Each structure stands twice: as structure tokens, then as C-alpha cells.
Amino acid sequence: MNRILENLTVTCNKCSQDMARSKFVEHYYTSCIQPCDQCGEVNMSLNDLFNHMAQMCPKTIVPCDNEESCQWSGPRKDLSAHLASCSATKVLN
Ligand SMILES: [Zn+2]
Ligand SMILES: [Zn+2]
Ligand SMILES: [Zn+2]
């Protein structure tokens with residue numbers, strides 16, 4: 001009777017796909033396409049989202065490039081504007 005439990009299907013709460021319970025973890029990380037929690041502008045698997053948030057997401061909070069002499073941190077999309085006026089950048093130039 002336990003076999004019935006192993007073959008149970010579950011419905012992914014992110015993409016509403018049905019699948020065998022044993023496939024769920026793999027699905028969740030590699031093939032479940034979901035929007036970025038932070039910017040909502042891209043849809044990709046969770047593994048790809050980790051890269052997106054670490055390297056590209058415009059809403060990820062990042063520190064100033066001059067981290068050692070500047071306390072600023074903010075969304076990645078504001079970083080270039082900040083660097084243009086960052087007093088630490090001016091000192092380096
Ligand atoms: Zn899914
Ligand atoms: Zn994003
Ligand atoms: Zn700065």
C-alpha cells in the first residue's frame with residue numbers, strides 16, 4: 001500500500017504543473033519556470049534565478065563599487081547613477 005504514496009502526484013504551487021512526488025525537488029530547481037521575486041521581469045528556473053539575482057537583477061541590493069570607502073548600497077539599477085556622484089569615485093580619479 002505504500003507504493004501508492006510514492007506515486008502520488010503533487011501540484012507545483014509555483015507553476016501549477018502536476019508531477020510525481022519523487023520528481024518535485026528536481027522540477028523545482030531545474031525546470032520550474034517562475035518569475036523573479038525581486039524584479040518580476042524575467043521568468044526562469046530557480047537555478048537560473050540564483051544567477052540572475054547574483055549578477056543581473058536590477059532590483060538586487062548591491063554595495064557601491066568603492067565598498068571600502070563608501071557606505072552606499074542600493075538596487076543594482078541605481079548603482080551607475082550613484083557611481084557618477086560617489087565621492088569615493090571622485091577621490092580615486
Ligand atoms: Zn513548478
Ligand atoms: Zn530580477
Ligand atoms: Zn559610493
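In this text, all values refer to a predicted model and were calculated from it rather than measured experimentally.

Caption draft 1: View of the overall build of the chain. Assigned secondary structure in the chain consists of five helices and six strands. Ordered by position from N to C terminus, the α and β elements of the chain give α-β-β-α-β-β-α-β-β-α-α. By residue count, 4% of the 93 residues in the chain fall in the buried class. Contacts spanning at least 24 positions in sequence make up 1% of the contacts within the chain whose residues lie at least 6 apart.

Caption draft 2: Local environment of the environment of histidine 52. Positionally, histidine 52 belongs in helix H3 (residues 46–55). What makes histidine 52 partly exposed here is the crowd of 17 C-beta atoms within 10 Å.

Caption draft 3: Here's a closer look at unusual backbone geometry. The backbone phi angle of serine 16 is positive, close to 65 degrees, even though this residue is not glycine. With respect to the secondary-structure elements, serine 16 resides in the loop between strand S1 (9–11) and strand S2 (18–20). Serine 16 gets classed as exposed once you count the C-beta atoms within 10 Å, which come to 7.

Caption draft 4: Looking closely at the confidence of the model for the chain. In this model, the chain carries a mean pLDDT of 90, and residues with pLDDT of at least 70 account for 89%. Averaged pLDDT values for the elements of the chain fall to 63 in helix H1 (residues 2–6) and rise to 97 in strand S6 (residues 73–75).

What counts as what
Residues numbered from 1 in each chain as written. Chains lettered and ligands numbered in written order. Predicted model: local features only at pLDDT ≥ 70, side-chain atom pairs only at ≥ 80, totals over all residues. Helix = DSSP H or I, 4+ residues; strand = E, 2+ residues; numbered from the N terminus. Buried ≥ 20, exposed ≤ 12 C-beta atoms within 10 Å, placed from the backbone. Contact = placed C-beta atoms within 7 Å. pLDDT = per-residue confidence, 0-100.

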